[in-house]
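Fold and geometry: a report
Residues per chain, in single letters:
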Amino acid sequence: MRVLVESPDPVRLSFLVALLADAGITAVQLDAHVSALHGGIGAFPRRLAVLEEDHRRALAVLRQAGEAPA
């Protein structure tokens, strides 16, 4: 797995998961439980990861949607 994006915003991450799913790429949100336990204060950002073989294509999908990681 390779991490694409880190963000404290669960809505944005859900949007990115939907974008990737539309392109046939499975994405997994990491650290969601830790973030929720800490009240979503942003101290523990969630990470979005994809399989190594999907990483390049996932970056291209995010760039095309104007959501390229920084």
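How each quantity is defined
Residues numbered from 1 in each chain as written. Predicted model: local features only at pLDDT ≥ 70, side-chain atom pairs only at ≥ 80, totals over all residues. Heavy atoms only, no water. Helix = DSSP H or I, 4+ residues; strand = E, 2+ residues; numbered from the N terminus. Buried < 20%, exposed > 50% of the residue type's maximum accessible area, 1.4 Å probe, protein only. Contact = heavy atoms within 4.5 Å. Patch = residues over 30% accessible without salt bridge, like charges linked within 9 Å, V, L, I, M, F, W, Y side chains within 5 Å. Areas by Shrake-Rupley, 256 points an atom, 1.4 Å probe, with all protein chains shown as cover. Salt bridge = Lys/Arg side-chain N within 4 Å of Asp/Glu carboxyl O. Core = buried A, V, L, I, M, F, W, Y, C linked by side-chain atoms within 4.5 Å.

By the naming in an unreviewed UniProt entry, the protein chain is DUF2007 domain-containing protein, taken from Teichococcus aestuarii.

A tally of regular secondary structure across the protein chain gives three helices and three strands. Secondary structure elements of the protein chain occur, N-terminal to C-terminal, as β-α-β-α-β-α. Counting across all 70 residues of the protein chain, residues that qualify as buried make up 29%. Residue pairs at least 24 apart in sequence account for 63% of intrachain contacts in the protein chain once pairs closer than 6 positions are excluded.

A cluster of nonpolar side chains, M1, V28 and L51, forms an exposed patch at the surface whose accessible area comes to about 260 Å². Residue placement: V28 occurs in strand 2 (residues 27-30). With relative accessibility at 35%, the residue V28 sits in the partly exposed group.

Quick look at the nonpolar core now. Membership of the largest hydrophobic core comes to 13 residues, with the highest contact counts inside it found for L4, V5, L20, L48 and V50. Only strand 1 (2-7), helix 1 (10-22), strand 3 (46-50) and helix 3 (55-64) provide two or more residues apiece to this core. For this core, the element with the highest residue contribution is helix 3, accounting for four residues. In this view, L20 contacts L4, I25, A27, L48, V50, A58, V61 and L62; residues no more than four positions away in its chain are not counted.

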